Amino acid sequence: MSTLALYNKQNQTLGAVKFLEESLSFPKIRTVNGHELSKALSHWITETSLLLGIKDAISDINKKDVIEMIVTEFKSLSVDELYYAFKLERYGSLEPLTKGESPITKHFQLFNAEYVSQVLRKYKNWKRKKLIEHNVQVKSEVVTATEKEKQYWINKGVSSCLDFFEINGFIEDGKTYVYEILYDDGHLSKDPEYKRQMYAAAQDVLRLEYTAKKASSKEENASFKSILENIEKQANGKVIAKAKELVLNSFFRQLVKDEVKTNDFKEKYKVKLI
């Protein structure tokens, strides 16, 4: 079995155009095994926050929130791109989201989901413009290799998600990306009313969860307050992630009640060596 290198430090030394050419063959976050991805993202958070000059260690609650946001909202990027995006941010190379603002987004000593999402949105805008400007296109032979890797990690992600659920009765942290796989494969409801109901349910769960939490620092207190305020907004990334988690819990709960369906499902997502 071949393995995916989630991060290659040498890629950070590449110029913009060369990096974009190479980035088209990097393993995307949505295709990566959840456990390995969590480790890679945790290391990225630590290293990047230090380079940004953030003095305090990032709290576990903010780490988890940032990771959930990335695997939900920025799953089309690679880990290498996360590093490169914040390199461009530190160098002031990204255009602000709103005209007239500073090219560098202020973090106020907080490395949280709100700050990270702003930088990554700027990076995606930069990437889109550069791809068009320089007519960067993916090489066909690289696509083939990546698709093989992609299917392996898709099957591994789904099967490990089910295995964990069968043992523990809930969805493992960092596995909400499995929702996208099962949704695209037709296993999950596409009914708009059902989606609205699950979004509302997710808001209720998060309100209860963060109202009950006791902050251990000013950073956590500010983070909890920000999360509670943002829960009320439409299309909030954290609420969407929680809604997907609730849907997955419901799907697997029904699936494991039927042994035949469970076995058929496992066969479909059986992990095959590549």
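Below: a short report on this structure. Note that residues are indexed from 1 along each chain, following the sequence as it is written. In keeping with the model being predicted, local features are shown solely for residues with a pLDDT of at least 70 and side-chain atom pairs are shown and tallied solely at 80 or more, while totals for entire chains, interfaces and linings include all residues. Side-chain calculation: all heavy atoms of the structure are included, whereas hydrogens and water are not.

**With respect to the layout of surface pockets**
Argument step 1. Of the voids in this model, the largest pocket is the one considered here, and its volume is about 560 Å³.
Argument step 2. Within this scheme a cavity is a closed region of a 1 Å grid, computed over the protein atoms alone, that accommodates a 1.4 Å probe without allowing it to escape, whereas a pocket is open but has protein on both sides within 12 Å along at least five of seven lines; lining residues each have an atom within 4 Å of a point. The wall of the largest pocket is formed by 23 residues, among which Ala113, Glu114, Ser117, Asn230 and Asn236 lie closest to the centre.
Argument step 3. Helix and strand assignments follow DSSP, with helices taken as H or I runs no shorter than four residues and strands as E runs no shorter than two, numbered in order from the N terminus. Elements represented by at least two residues in the lining of the largest pocket include exactly helix 3 (60-73), helix 5 (113-133), helix 9 (218-231) and helix 10 (237-255).
Argument step 4. Under the scheme applied, nonpolar residues are Ala, Val, Leu, Ile, Met, Phe, Trp, Tyr, Cys and Pro; charged residues are Asp, Glu, Lys and Arg; polar residues are all the others, including Gly. The class makeup of the residues in the lining of the largest pocket is six nonpolar, ten polar and seven charged. Grid points are joined across faces, edges and corners, and a volume is the space filled by probe spheres set on the points.

**Re helix 4 (residues 79-90)**
Argument step 1. Look at helix 4: 17 Å from first C-alpha to last across twelve residues, which is about the 16 Å you get at 1.5 Å a residue.
Argument step 2. When accessible area is computed with a 1.4 Å probe and restricted to protein chains, residues below 20% of their type maximum are described as buried, those above 50% as exposed, and intermediate ones as partly exposed. Across the twelve residues of helix 4, eleven count as buried, placing the element largely inside the fold.
Argument step 3. Taken together, the buried positions of helix 4 are occupied by Val79, Asp80, Glu81, Leu82, Tyr83, Tyr84, Ala85, Phe86, Lys87, Leu88 and Glu89.
Argument step 4. Immediately beyond the C-terminal end of helix 4, within one or two residues, lies Gly92, with a positive phi of roughly 70 degrees. For a helix, the expected span equals 1.5 Å multiplied by the number of residues minus one.

**A word on the packing of helix 8 (residues 192-212) against helix 9**
Argument step 1. The convention used is that axes are lines fitted to C-alpha atoms, helices contributing only their stretch in contact, and that angles between N-to-C directions extend from 0 to 180 degrees. Where helix 8 meets helix 9, the axes come as close as 10 Å, and the angle between the chain directions of the two elements is 160 degrees. In this view, helix 8 runs roughly antiparallel relative to helix 9, as classed from their interaxial angle. The interaxial crossing formed by helix 8 with helix 9 has left-handed handedness. Together, Gln203, Leu206, Arg207, Tyr210 and Thr211 of helix 8 and Phe224, Ile227, Leu228 and Ile231 of helix 9 make up the contact between the two elements.
Argument step 2. When its residues are assigned to classes, the contact of helix 8 with helix 9 shows six nonpolar, two polar and one charged. An angle below 35 degrees is treated as roughly parallel, one above 145 as roughly antiparallel, one from 65 to 115 as roughly perpendicular, and anything else as oblique. Definitions for this section: a left-handed crossing has its near helix turned counterclockwise from the far helix by less than a right angle. A right-handed crossing has that turn clockwise. We call two residues contacting when some pair of their heavy atoms lies within 4.5 Å.

**Describing unusual backbone geometry**
Argument step 1. Phi is positive for Phe108, close to 50 degrees, though the residue is something other than glycine.
Argument step 2. You can see Phe108 is positioned in the loop between helix 4 and helix 5.
Argument step 3. Judged by relative accessible area, Phe108 falls into the exposed class, the value being 64%.
Argument step 4. The backbone of Gln109 sits at a positive phi, close to 65 degrees, despite the residue not being glycine.
Argument step 5. In this structure, Gln109 sits in the loop between helix 4 and helix 5.

**Details of the environment of Trp126**
Argument step 1. Residue position: Trp126 is located in helix 5.
Argument step 2. Residue Trp126 is classed as buried on the basis of its relative accessible area, which comes to 10%.
Argument step 3. Placed 105 residues apart in sequence, Trp126 and Ile231 show a C-alpha to C-alpha distance of 29 Å.

**Comments concerning empty space enclosed by the protein**
Argument step 1. Inspection of the entire model under this criterion finds one cavity of 30 Å³ or more.
Argument step 2. Lining the largest cavity we find Glu68, Ile171, Glu172, Asp173, Gly174, Thr176 and Glu245.

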